[in-house]
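# Fold and geometry: a report
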Amino acid sequence: MKIEEITMIPVSEPWLGDKELEYVTDCINSGWISSIGKYVEMFEEKFSQYCDMRYGVSTSNGTTALHLALTALGIGKGDEVLVPDLTFIATANAVTYCNAKPVFVDSHPDYWCINPEKIEEKITKNTKAIIPVHLYGHPCDMDPIMDLARDHDMYIIEDVAEAHGAKYKGRVLGSFGDISCFSFYGNKIITTGEGGMCLMNDEELMERSKLLRDHAMSREKRYWHDLIGFNYRLTNIQAAIGIAQLEKIDKIIEIKRKNAQYYAEGLRELDNRGLITLHPQMPWAKNVYWMYSIIFKRLNGLSRDKLICRLKDEGIDTRPFFYPMHVLPPYVSNIKFPIAQSLSEHGINLPSSAKLTKETIDHISHSILELLI
Ligand SMILES: *Cc1c(COP(=O)(O)O)cnc(C)c1O
């Protein structure tokens, strides 16, 4: 490892402790290290409860959760699925894996998620589903999305990979979709290393998802397969970490929200002067600030990318926003998505882990202030 990597303030860092170690050790001592074991079921039960959903089907990661959800809902060739233009590519890829077509929708300028007003114009007779992505911890505006889904007979698959525990009008995310998909990758709000989960209320959908997750092997007749399924299982070791993480999820969220306040206090002056936009929280939203993010337009030749470089020189690691899907080679198109494009060009994710102290956040805010004023 290079020195600079050791001294850098990371964008994200998992918060692991004694409980994670204890439960993992228990798995190893018991011999149940694969996908059968008590922690898998416990994690599915506890996490679905946490999100007010009846069933949890754990998966090997968030991408497989999305693919499993779409497949369980019968999305396939010729179907179209609405996806925000500004998201991580996994959302769009999961649709492509089903031989269906992701159809992109522009973002809302105020809170960066899919803009409900831009959805209807993209609906065709082939549109079967919509995947609202709760970007960087902020919820989508779910009421109009639910209305559109009902009026146009579309499934809702929530992509909650970046917003565990966030709320829309007091209701927890993941409880709105026909199926809701989570990721527990190392940088997510809680982690299992790699891992994911689908949540649903419908028993048949749960059964179908479990079947497909396990090679679609018949429950009655071993090694009999009526369908082509997958191996998308989570391991007992991963679930054991998940249980320990779930025990402190509320604390993690509380810290992340507190840290967001510290950033807002430290950077307020820049926002007031119109130099940056702070990470929003709409009146109807409880943002969990997966990545505390700002929009920086430009200042006397200092571009967003230069600012990122300057901060790196000072030992502060940051990330640019995702590229919008419509500029990436697999999905390139001439259709305009001006808001997603602009957010993508100007957005920065600041260090956001729950392990950050107020002192470190003040230091980061101060460094940004120094560079911009
Ligand atoms: C992380 C992420 C995923 C994919 O999750 P993995 O566990 O990395 O496969 C999907 N969608 C969004 C929005 C994500 O941020």
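Our subject is the structure listed above.
Residues numbered from 1 in each chain as written. Predicted model: local features only at pLDDT ≥ 70, side-chain atom pairs only at ≥ 80, totals over all residues. Heavy atoms only, no water.

Moving on to the site of the ligand. Around the ligand, the surrounding shell holds 14 residues, and the nearest of these are Gly-62, Thr-63, Glu-162, Ser-183 and Lys-188. Take Glu-162: an N or O atom from its side chain is 2.5 Å from an oxygen atom of the ligand. Side-chain polar atom of Lys-188 to an oxygen atom of the ligand: 2.9 Å apart, as the coordinates give it. Of all elements in the fold, only α4 (62–72) and α5 (89–97) reach the threshold of two or more residues within the shell around the ligand. Classifying every residue of the shell around the ligand gives four nonpolar, seven polar and three charged. (Near = heavy atom within 4 Å. Polar contact = N/O pair within 3.5 Å; in protein donor to acceptor, adjacent residues only side chain to side chain. Helix = DSSP H or I, 4+ residues; strand = E, 2+ residues; numbered from the N terminus. Nonpolar A, V, L, I, M, F, W, Y, C, P; charged D, E, K, R; others polar.)

Glancing now at unusual backbone geometry. Positioned with a positive phi, Tyr-136 is a non-glycine residue whose angle comes to about 55 degrees. In this fold, Tyr-136 is placed in the loop between β4 (127–130) and α6 (142–151). In this structure Tyr-136 comes out as buried when scored by relative accessible area, which is 1%. Although it is not a glycine, Tyr-289 adopts a positive phi angle of roughly 50 degrees. Residue classification places Tyr-289 among the buried residues on the basis of a relative accessible area of 10%. (Buried < 20%, exposed > 50% of the residue type's maximum accessible area, 1.4 Å probe, protein only.)

This part covers the state of the cysteines. In this structure the tally under the stated criterion is zero disulfides. Unpaired in terms of disulfides, Cys-181 finds its nearest cysteine sulfur in Cys-198, a separation of 4.2 Å. Owing to a relative accessible area of 1%, Cys-181 belongs among the buried residues under this scheme. (Disulfide = S-S within 2.5 Å.)

For the structure shown, the criterion picks out 16 salt bridges. Notably, a salt bridge pairs Arg-150 with Asp-147, separated by 3.5 Å at the nearest N-O pair. Within this pair, Arg-150 and its partner Asp-147 are both found in helix α6, separated by three residues, close to a single helical turn. Between Asp-362 and Lys-358 there is a salt bridge, and its shortest N-O distance comes to 3.0 Å. Of this pair, Asp-362 and Lys-358 both sit in helix α12 (residues 358–372), four residues apart, which is roughly one turn of the helix. Look at Asp-362 and you get partly exposed, because its relative accessible area is 33%. (Salt bridge = Lys/Arg side-chain N within 4 Å of Asp/Glu carboxyl O.)

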